[in-house]
Amino acid sequence: MHLLTWIEIILTILVYIGARFFSQKVKSPLTTPIFTSTFVIILIFLLFHIPYKDYREANRIISSMLGPVTVALAVPIYQNRELIRKRMLPAAAGLLIGTVSTILTAVWFSVWLGLPEKIQATAAVKAVSTPVAIQAALLIGGDPSLAAAFVITAGIIGAVFGPLILTKCKITDPFSRGLGIGTVSHAIGTSQAGMEGPLEGAASSAAMGLAAMITAIILPWLYPLIS
């Protein structure tokens, strides 16, 4: 591995640590670590004229850690399994409604804007994790590369504004907050939910996985009906 790759990996980690520290000192939706760290990394690349292709190897190595991290999300689910089991029925109803609503609003908003059909199909998968979104987009005629961009954008927006919107709506129950964030903001939102508390993280982790499963099952037959 090249020295530049090591420098980029270390830089990414340090920027994120700094972003987390900053978010603890300055409480604001705009200081969400995933948002500020992304902004700082892009700014550094622009200032030093570093092309993205030079960062690709570092990004690949960091992304390879998503597998173990995703498995680790099972820990808070296990620790809160009794509460999750007790609230399984209303949670399942909320997940189904939330997932379907996300697909409907994304597609209908794209139609209302007069966007091409490929973008409409791609927008339908924005609320699930990237691997699922890419495969689901292919099934309904979307663009896999654009799907990844939509997923990241939706995740960042959900992580930044999701907790604020829930607070404004006076939703204070930890389980409900985690469930809502995980349903529409996948792993990026789950990382933010986990910062609120272990129960929020557990509910968001479960919601993220189940929302992806629901999307993969219903999207192929739902999309032709609504597009």
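The sections below set out a description of the structure shown in this document. Keep in mind that this is a model prediction, so the values were computed, not measured.

1. Topic: the pattern of salt bridges
Summed over the entire model, instances satisfying the criterion amount to four salt bridges. Salt-bridge contacts for arginine 87 lead to aspartate 173; the nearest nitrogen and oxygen are separated by 2.9 Å. Of the two residues, arginine 87 sits in the loop between helix 6 (81-86) and helix 7 (88-112) while aspartate 173 sits in the loop between helix 10 (144-168) and helix 11 (174-196), which places them 86 residues apart along the sequence. The exposure class assigned to arginine 87 is partly exposed, which follows from its relative accessible area of 26%. With a closest N to O distance of 3.0 Å, glutamate 196 and arginine 177 form a salt bridge.

2. Some remarks on the packing of aromatic side chains
The final tally for this structure, using the stated rule, is three aromatic pairs. Put simply, the rings of Phe45, Tyr52 and Tyr55 touch in pairs and so form one group of aromatic residues. Of note, arginine 81 hangs over the ring of tyrosine 78, and the distance from its end group to the ring centre comes to 4.0 Å.

3. Some thoughts on a nonpolar patch on the surface
On the surface, a cluster of nonpolar side chains totalling about 820 Å² of accessible area is made up of Leu3, Leu4, Trp6, Ile7, Ile10, Ile13, Leu14 and Ile17. Residue position: tryptophan 6 is located in helix 1 (residues 3-25). Relative accessible area serves as the criterion here: at 45%, tryptophan 6 is assigned to the partly exposed category.

4. Here's the deal with empty space enclosed by the protein
One pass over the full model with this rule turns up one cavity of 30 Å³ or more. In this structure, the largest cavity spans a volume of roughly 50 Å³. Surrounding the largest cavity, Thr99, Thr102, Ile103, Ala124, Val125, Ala127, Val128, Thr183, Ala211 and Thr215 form its lining. At the level of secondary structure, the elements contributing two or more residues to the lining of the largest cavity comprise helix 7 and helix 12 (198-226). The leading source of residues in the lining of the largest cavity is helix 7, at three residues. Looking at the lining of the largest cavity residue by residue, the class counts come to six nonpolar, four polar and no charged.

5. Let's talk about the nonpolar core
In terms of nonpolar packing, the biggest core is built from 30 residues, with Ile103, Val125, Ile140, Phe175 and Leu219 touching the most fellow members. For this core, the secondary-structure elements that each account for two or more residues are helix 7, helix 9 (130-139), helix 10, helix 11 and helix 12. Counting residues per element, this core draws most heavily on helix 12, at twelve residues.

6. Looking at the packing of helix 10 against helix 11
Contact pair helix 10 / helix 11: the axes reach a minimum separation of 8 Å and the direction vectors enclose 80°. Classified by the angle their axes make, helix 10 and helix 11 are roughly perpendicular. Of the residues in helix 11, those in contact with Val151, Ile152, Ala154, Gly155, Ile156, Gly158, Ala159, Pro163, Leu166 and Thr167 of helix 10 are Arg177, Ile181, Ser185, His186, Ile188, Gly189, Gln192 and Glu196. Looking at the contact of helix 10 with helix 11 residue by residue, the classes come out as nine nonpolar, seven polar and two charged.

7. Quick word on the side chain of threonine 122
Locating threonine 122 in the fold gives a position in helix 8 (residues 117-123). A polar contact is formed between the side chain of threonine 122 and the backbone nitrogen of aspartate 143, at a distance of 2.9 Å.

8. Considerations on the environment of proline 29
Mapped onto the secondary structure, proline 29 falls in the loop between helix 1 and helix 2 (33-47). On the basis of relative accessible area, proline 29 is assigned to the partly exposed category, the value being 25%. For the pair proline 29 and glycine 162, spaced 133 residues apart in sequence, the C-alpha separation works out to 8.8 Å. Each residue touching proline 29, except ones within four places of it in the same chain, is listed here: Val160 and Leu164.

9. Regarding the environment of leucine 164
Its location among the elements puts leucine 164 in helix 10. With relative accessibility at 34%, the residue leucine 164 sits in the partly exposed group. Taking the C-alpha atoms as reference, leucine 164 lies 34 Å from proline 224; in sequence the two are 60 residues apart.

10. Topic: the layout of surface pockets
Its volume calculated, the largest pocket comes out at about 2000 Å³. Around the largest pocket, the lining is made up of 48 residues, and of these Ile34, Ile62, Ser63, Leu66 and Ile188 lie nearest the centre. With seven residues, the top contributor of residues to the lining of the largest pocket is helix 11. Grouping the amino acids of the lining of the largest pocket by side-chain chemistry returns 31 nonpolar, 16 polar and one charged. Taken as a whole, the second largest pocket spans an internal volume of roughly 550 Å³. Lining the second largest pocket are 28 residues, with Thr102, Lys126, Gly158, Val184 and Ser185 sitting closest to its centre. Listed by contribution, the elements that provide at least two residues to the lining of the second largest pocket are helix 7, helix 10 and helix 11. With nine residues, helix 10 is the largest single contributor of residues to the lining of the second largest pocket. Grouping the amino acids of the lining of the second largest pocket by side-chain chemistry returns 15 nonpolar, twelve polar and one charged.

About the criteria used
Residues numbered from 1 in each chain as written. Predicted model: local features only at pLDDT ≥ 70, side-chain atom pairs only at ≥ 80, totals over all residues. Heavy atoms only, no water. Salt bridge = Lys/Arg side-chain N within 4 Å of Asp/Glu carboxyl O. Helix = DSSP H or I, 4+ residues; strand = E, 2+ residues; numbered from the N terminus. Buried < 20%, exposed > 50% of the residue type's maximum accessible area, 1.4 Å probe, protein only. Phe/Tyr/Trp six-rings, centres within 6.5 Å; stacked < 30°, edge-to-face > 60°. Lys NZ or Arg CZ within 6 Å of the ring centre and 35° of its normal. Patch = residues over 30% accessible without salt bridge, like charges linked within 9 Å, V, L, I, M, F, W, Y side chains within 5 Å. Areas by Shrake-Rupley, 256 points an atom, 1.4 Å probe, with all protein chains shown as cover. 1 Å grid on protein atoms, 1.4 Å probe; cavity = no way out; pocket = protein on both sides within 12 Å on 5 of 7 lines; lining within 4 Å. Points joined across faces, edges and corners; volume = space filled by probe spheres on them. Nonpolar A, V, L, I, M, F, W, Y, C, P; charged D, E, K, R; others polar. Core = buried A, V, L, I, M, F, W, Y, C linked by side-chain atoms within 4.5 Å. Axes fitted to C-alpha atoms, helices over the stretch in contact; angles between N-to-C directions. Parallel < 35°, antiparallel > 145°, perpendicular 65-115°, else oblique. Contact = heavy atoms within 4.5 Å. Polar contact = N/O pair within 3.5 Å; in protein donor to acceptor, adjacent residues only side chain to side chain.

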